[in-house]
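Residues per chain, in single letters:
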Amino acid sequence: MPVPREIDVALVRDTVAELCGQADLLLPEDVRQALARSMAAEESPVGREVLARLIENADIARDEAMPMCQDCGLAVIFLDIGQDVHLVGGDLIAAVNQGVREGYERHYLRKSVCHPFTRQNTGDNTPAVVHVGIVPGDKIHLWVVPKGGGSENMSKVFLLTPAMGLKGVKERVIETVEAAGPNPCPPIILGVAVGGTFDDACRRAKRALLRELDSLNPDPEAAALEAELLELVNHTGIGPAGLGGRVTALGVFVDIRPCHIASLPLAVNVQCHAARHKEAVL
Amino acid sequence: MSHTIRLTTPLTTEVLRELRSGDRVLLSGVVYTGRDAAHKRIVEAMQAGQEPPFPLEGAAIFYVGPSPAPPGRIIGAAGPTTSYRMDAYAPYLIARGLKAMIGKGKRGEEVKAAMIQHGAVYLAAIGGAGALMARSITEAEVIAFPDLGPEAVRRLVVKDMPLFVVNDVHGGDLYQEGKAAYARA
């Protein structure tokens, strides 16, 4: 029987704090490359200008240690905890929140969390939304995903009837993109989860956004749907910043799993071009 | 063909009549910030007979909640927030002199009608380009509602802020026109 590996939650706290800064200041390399590549595909002069400005913006953010976007997001944290890990040193979720608190303060990130009715800002960007899963092994894999409000507000969940099928899924995804238009800061990235339950679909749609752009989906059915949806989304004409053009999305990530015989859940999580996520393995 | 036009606040309908949806604008002068919570307070105060925290006549409002200024900086990242959340308040302010709104995303029909009726425009900044936009801001000062933090009303001085005309005073709408030009069946 393996001896549990002890990990102090203080390490989780410090890692979260550091990744909050990295995520908001440094555009992931895959997104940067996708933006650069999309310049060639963009037919609209205004669209190309917007894409060039977004790359310039990422350079300024990196060089001047400024957040890419003033909306530094609500901190969503995914923790895949190895089943042979023994967490010591205190409450894990409290440590994650303390990491968010310290990271947002230290890196001059905007605190964007408030009470839903009074709109009183909590002042420290907590509480974070934390998703914990148990996986084999003795490590912790964690992701910090600051999620902006503009794109999150355009996300949708549908409980379709089984009769609506694949056609219904495609129609709802495109309907979501059309309704969002310029609002979620295109070019966007879509996390699309089909199957599971109401709650599970939403979580998987968010988790799908952690994938690298142009990474191959191991599920051929999902990979085919990704390619088809990307083409349909880029036919809408919405374009960069919604000002018209060919490049409306940089990528579509699809996750398919079985569901109840009565159900066909679909969740579409819309992500802006500032697709911020940083990860670490402890 | 779109044009690049330099504008300086305060703005007049006469000047704005020259703009067409799709034009590029480089905006200079004083711009006030306001988003959800500030709009609610400003309009409620005005409806109660109080003065707004800045003169509305000819004013430009930038829908932004900047990130904190790092040491030695004027302001943090300062890109636009999504504008439709201000639609409930915009017609009231346009009818009282507001001439330009800076944000991103579609506006409602009532706002578009108010822009045509009163000669105001809606200008788009590039969403998510907050670090870039900060470069065109030369002064920043909180002038109202400091308790709102990032949502406080600020008086900004901007120099050649890069914007696109989305809704002009003639009913043009770049979001509709641009999309239609590139949509494929």
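Remember, it's a predicted structure, so these values are computed and weren't measured experimentally.

What counts and how
- Residues numbered from 1 in each chain as written.
- Chains lettered and ligands numbered in written order.
- Predicted model: local features only at pLDDT ≥ 70, side-chain atom pairs only at ≥ 80, totals over all residues.
- Helix = DSSP H or I, 4+ residues; strand = E, 2+ residues; numbered from the N terminus.
- Buried ≥ 20, exposed ≤ 12 C-beta atoms within 10 Å, placed from the backbone.
- Contact = placed C-beta atoms within 7 Å.
- Core = buried A, V, L, I, M, F, W, Y, C linked by C-beta atoms within 7 Å.
- Domains from an automatic or database assignment.
- Expected span 1.5 Å × (residues − 1).
- Arc of directions from axis to C-beta.
- Pairing = 2+ DSSP bridges.
- Axes fitted to C-alpha atoms, helices over the stretch in contact; angles between N-to-C directions.
- Nonpolar A, V, L, I, M, F, W, Y, C, P; charged D, E, K, R; others polar.

(A) A look at the overall build of chain A. Regarding its fold elements, chain A presents eight helices and ten strands. Of all 282 residues assigned to chain A, the portion counted as buried reaches 50%. In chain A, 83% of the contacts between residues at least 6 apart in sequence involve partners at least 24 apart.

(B) Molecular detail of the nonpolar core. A:Leu190, A:Val192, B:Ile102 and B:Leu123 are the most contacted members of the largest nonpolar core, which totals 112 residues. In terms of residue count, the dominant contributor to this core is strand β7 (residues 153–167) of chain B (eight residues). A domain-level breakdown of this core finds at least three residues from each of domain 1 (5–26 + 68–147) and domain 2 (150–275) of chain A. A:Leu190 has contacts with A:Val173, A:Ala249, A:Val252, A:Phe253, A:Val268 and A:Val270, leaving out every residue within four places of it along the chain. The next biggest cluster of nonpolar side chains, apart from the first, holds 26 residues, and it includes A:Val76, A:Ile77, A:Tyr108 and A:Ile140.

(C) Geometry of helix α8 (residues 220–233) of chain A. Residue and element names in this part refer to chain A. In a regular helix each residue adds 1.5 Å, so 14 residues correspond to 20 Å; α8 covers 20 Å between its end C-alpha atoms and thus fits that length. Turning to α8, its buried residues are Ala222, Leu225, Glu226, Leu229 and Val233. End-on view of α8: buried residues confined to an arc of 110 degrees, all on one side of the axis. Along α8, the residues that are exposed and aim more than 90 degrees away from the buried face are Pro220, Ala224 and Glu231. For α8, the elements touching its buried residues are α6 (165–180), β7 (188–196) and β8 (249–259).

(D) Representation of unusual backbone geometry within the structure. Between A:Thr126 and the following residue, A:Pro127, the backbone shows a cis peptide bond with an omega angle of 0 degrees. Tracing the backbone through its elements, the reader meets A:Pro127 in the loop between α4 (92–106) and β4 (129–135). With omega at 5 degrees, the peptide bond leading from A:Pro186 into A:Pro187 counts as cis. In this model, A:Tyr108 sits at a positive phi of 55 degrees, which is unusual for a non-glycine residue. Relative to the assigned elements, A:Tyr108 resides in the loop between α4 and β4. Unusually for a residue other than glycine, B:Asp160 sits at a positive phi of about 55 degrees. With respect to the secondary-structure elements, B:Asp160 resides in strand β7. Taking the C-beta count within 10 Å as the criterion, B:Asp160 has 13 such neighbours and is therefore assigned partly exposed.

(E) The sheet that holds β4(A), seen in detail. Residues and elements named next belong to chain A. Read from one edge of the open sheet, four strands run β4-β2-β5-β10, paired in mixed fashion. One side of each edge strand has no neighbouring strand; the edge strands of this open sheet are β4 and β10 (278–281). Looking at each pair of strands side by side, their axes are set apart by 15 degrees on average, direction ignored. One ladder, built from four bridges, connects strand β5 (residues 140–147) with β10; its direction is antiparallel. Bridge pairing in β10 links valine 144 to lysine 278. Its contacts with the sheet put helix α1 (residues 9–25) on β2 (74–82), β5 and β10, and the angle it makes with β5 is roughly 40 degrees.

(F) Highlighting the pairing of strand β9 (residues 264–271) of chain A. Residues and elements named next belong to chain A. The element β9 is extensively covered by neighbouring structure, given that eight of its eight residues are classed as buried. Here β9 shows two buried faces, one formed by Leu264, Leu266, Val268 and Val270 and the other by Pro265, Ala267, Asn269 and Gln271. Across six bridges, the pairing between β7 and β9 is antiparallel. In the strand pairing of β9, glycine 191 is matched with asparagine 269.

(G) Structural detail: the environment of B:Met133. All names here are of chain B. If you trace the backbone, methionine 133 turns up in helix α5 (residues 130–134). Taking the C-alpha atoms as reference points, methionine 133 and arginine 96, 37 residues apart in sequence, are found 28 Å from one another. Sequence-distant contacts of methionine 133, that is, excluding residues within four places in its chain, are made with Ala78, Gly79, Ala125 and Met161.

(H) Representation of the interface of chain A and chain B in the model. Chain A puts 45 residues into the contact, and the matching count from chain B is 38 residues. With nine residues, the top contributor of residues to the side of chain A that touches chain B is helix α3 (residues 45–64) of chain A. Looking at side-chain class alone, the side of chain A that touches chain B contains 20 nonpolar, 16 polar and nine charged residues.

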